[in-house]
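Remarks on the overall topology
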Amino acid sequence: MKYIKRLLIIVLVIGAGAAVCMFYSPRHVMGEAAQALEVYYNVKKADAINSGQICVERDGETLNFTGSQRPYMTESMSLMIPITQVPRIFYSSVDVDRDKNLCFEANGHEVRISPETDGAVVDNKDTAFAEPMIWRNGRLYVSAALLAEAFGGSYSWDETTQTAVVTNAQSVPETLPKAYDMRDDERVTPVRDQGNLGTCWAFASLGALESSLMPGESYMFSPDHMSFMSGYNMTQQDGGDFNMALAYLTSWKGPVLENEDPYGDGATDSSLTASVHLQEAVSIPAKDFDGIKAAIHQWGGVQSSFYSDMEFANSSSSYYSAKNCSYYYPGKNTANHDIVIVGWDDDYPKENFNVHPENDGAFLCRNSWGSQFGDRGYFYISYEDTNIGTDNLVYTRVETTDNYDCIYQSDLLGWVGTIGYSEEGAWFSNVYEAQKDEMIKAAAFYTTGPSSYFDIFIVRDFTDSQSFDTMEYVKSGYIENAGYHTVDFLADLPVNAGDKFAVIVHLVTEDSLRPVAIEYETGEWTSSVDIFDGEGYLSYDGRTWENIESVYESNACLKVFTDRRESE
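The rules behind the values
Residues numbered from 1 in each chain as written. Predicted model: local features only at pLDDT ≥ 70, side-chain atom pairs only at ≥ 80, totals over all residues. Heavy atoms only, no water. Helix = DSSP H or I, 4+ residues; strand = E, 2+ residues; numbered from the N terminus. Buried < 20%, exposed > 50% of the residue type's maximum accessible area, 1.4 Å probe, protein only. Contact = heavy atoms within 4.5 Å. Areas by Shrake-Rupley, 256 points an atom, 1.4 Å probe, with all protein chains shown as cover. Lys, Arg positive; Asp, Glu negative; His and termini not counted. Charge placed at Lys NZ, Arg CZ, Asp CG, Glu CD. Core = buried A, V, L, I, M, F, W, Y, C linked by side-chain atoms within 4.5 Å. UniProt positions renumbered as here; feature names shortened; annotations may be inferred. Polar contact = N/O pair within 3.5 Å; in protein donor to acceptor, adjacent residues only side chain to side chain. Axes fitted to C-alpha atoms, helices over the stretch in contact; angles between N-to-C directions. Parallel < 35°, antiparallel > 145°, perpendicular 65-115°, else oblique. Left-handed = near helix turned anticlockwise from the far one by under 90°. Nonpolar A, V, L, I, M, F, W, Y, C, P; charged D, E, K, R; others polar.

So, about the overall build of the chain. Looking only at helices and strands, the chain features nine helices and 36 strands. Counting only C-alpha atoms, the chain reaches 115 × 60 × 40 Å along its principal axes. In the chain, buried positions account for 51% of the 568 residues. Counting only contacts in the chain whose residues sit at least 6 apart along the sequence, the fraction spanning at least 24 positions is 73%. Summed over all atoms, the accessible surface of the chain reaches about 26200 Å², with 50% contributed by carbon and sulfur. Side chains of the chain carry 38 positive and 85 negative charges; the gap between the two charge centres is 11 Å.

Shown next as structure tokens:
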């Protein structure tokens, strides 16, 4: 009974207190205490996590981060990722739009976040999110969970190992047919004949380029102009390679039309201008046959090469079957002849080759020895050929000549070599003087290997290397394959006539020790290199810079594209 009376007294006291002030109910007091305890616990927990090593497991691969690139756990237990690391984790791009919003894109999804507001816009729909982005120590961080969900993947936190587990949405591989021939879809131009000149590389390059525009547009480009105007100190008898073709096309020297510069007359016209502008070309990894097939299906013919012991259409070879128009070389010689891969047949019989490979299957290739060779200029090369599919280039972005008003460049011979600091990452920059009042619209550079991540910055009023301290962030992104890439900017980046401006790229290429492509003189063939036509810099950390021309006698391969604007 004593216990019951005591309980009644407590209830009465509580009841009286409740009549005076309801919000002091014990349940509310206890709730506030619990919330305060939870906040205190999370603060301590977040501090402990941030003082240790935070890892990200991306699609089963563990990524480690150091210094300012480390993720950060907030007091609400939200893992935040530095925006420059978003491409590495989500294979995405990061851009700043004209309204200063951050724009993230991956897998066909778009996320826009303003640093000044809560929430996000995911695929044009407002999305509530407690902590989408934060500023910390002068850097922007974005929620890993938000991006993972928005991009169609998943996110979880493993408290035991302090690891964020991110699974990216997997793209569904294109279902490719067992056989395909671009001729059936009218995606190839007529076969041509290089004659007795060493210009197969020009015919292959332009044949692949032409096919990338078909069937919508049909051009016949001039191999004569490319082979004369590549910039390299070589004659049409000396041969050439992929990089020479890229140097010519990316510098907008061409391509010009065949009827403007007919083949085989031993002369060219240097005043001719390009009919289209190449803005991207992708190198498909060696022997990635599915990648080659997918590229053919999506983009067009793939420029490749093989070893040939034949020189002309009427030459004979023990590796070539004139009856079946097939070729298979199993030896150790390196490639010496360029062709265009325009199709495949997984069931092409191995018995059709003079020397039988182990398995069926072959690529359909277009040669440049006229229609009298092979099957009206086409022939099959076995999948097991030593060289076919080792070096591969496909042209993935070709635009009209009014795409940009101006190109700034100092690497007219293109990718001659590479440079770096024996690390996967390096910084490089080119400085240019604006010829008019302009808007910086895009930059272009090479990736020298697969799996590359980049950050781009600008300095609008450049004076000397100290100006790099004022660089503005522009964009980050992920590039899957090696090649030449143009990166467009969302933001308006005005520069005034006469002002010097710098575009800076921080490039990380996995498993590379020299990730930066450079132009420099290697001998007689590259003796036309002019290292005094630009102002370039190289850095291992983005703070200490070396002049690339004076220190390394090189030019950085970094172009900038602008549009003219009206003076204010």
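Structurally, Asn 354 is set in the loop between strand 19 (337–345) and strand 20 (362–366). Residue classification places Asn 354 among the partly exposed positions, given a relative accessible area of 42%. Separated by 152 residues in sequence, Asn 354 and His 506 place their C-alpha atoms 51 Å apart. Not counting residues up to four positions away in its chain, the partners in contact with Asn 354 are Ser 317, Ser 318, Tyr 319, Tyr 320 and Ser 321.

We now examine the nonpolar core. Judged by nonpolar contacts, the single largest core of 74 residues is most densely connected at Tyr 327, Ile 341, Phe 363, Phe 379 and Tyr 395. Here this core takes seven residues from helix 7 (residues 242–250), the largest share from any one element. Excluding residues that lie within four positions of it along the chain, Tyr 395 makes contacts with Ser 205, Ala 208, Leu 209, Ser 212, Ala 245, Leu 246, Leu 249, Leu 278, Glu 280, Ala 281, Trp 299 and Gln 303. Ranked by size, the runner-up nonpolar core spans 33 residues in total, among them Leu 102, Ala 106, Val 142 and Leu 146.

A few words now on the UniProt feature "domain: Peptidase C1A papain C-terminal" (unreviewed entry) in the chain. Within this structure's numbering, the places UniProt gives as "domain: Peptidase C1A papain C-terminal" (unreviewed entry) are residues 176–397. End C-alpha to end C-alpha, residues 176–397 measures 22 Å, and it is 18% helix and 19% strand.

Moving on, we get to the environment of Asn 547. Take Asn 547: it is sitting in strand 34 (residues 545–547). Judged by its relative accessible area of 22%, Asn 547 is partly exposed. Note: C-alpha distance between Asn 547 and Phe 428 (119 residues apart in sequence) is 9.8 Å. Once you skip the residues sitting within four places of it in the chain, Asn 547 turns out to touch Glu 535, Gly 536, Tyr 537 and Tyr 552. Looking at Asn 547, its side chain comes within polar contact range of the main-chain nitrogen of Ser 550, at 2.9 Å.

Taken N-terminus to C-terminus, the directions of helix 5 (residues 200–212) and helix 7 make an angle of 55 degrees; their axes are 9 Å apart at the nearest point. Classified by the interaxial angle, the pair formed by helix 5 and helix 7 is oblique. By crossing handedness, the relation of helix 5 to helix 7 is classed as right-handed. When helix 5 is examined against helix 7, the residues Trp 201, Ser 205, Leu 206 and Leu 209 are found in contact with a partner set consisting of Met 244, Ala 245 and Leu 249. Split into classes, the residues belonging to the contact of helix 5 with helix 7 amount to six nonpolar, one polar and no charged.

Omega for the peptide link from Met 214 to Pro 215 comes to 5 degrees, which places this bond in the cis form. Considering the arrangement of structural elements, one finds Pro 215 in the loop between helix 5 and helix 6 (223–229). Along the chain, Gly 254 connects to Pro 255 via a cis peptide bond; the corresponding omega equals 15 degrees. In this fold, Pro 255 is placed in the loop between helix 7 and strand 15 (277–283). You will see that Asp 123, though not glycine, has its phi angle at about 50 degrees, which is positive.

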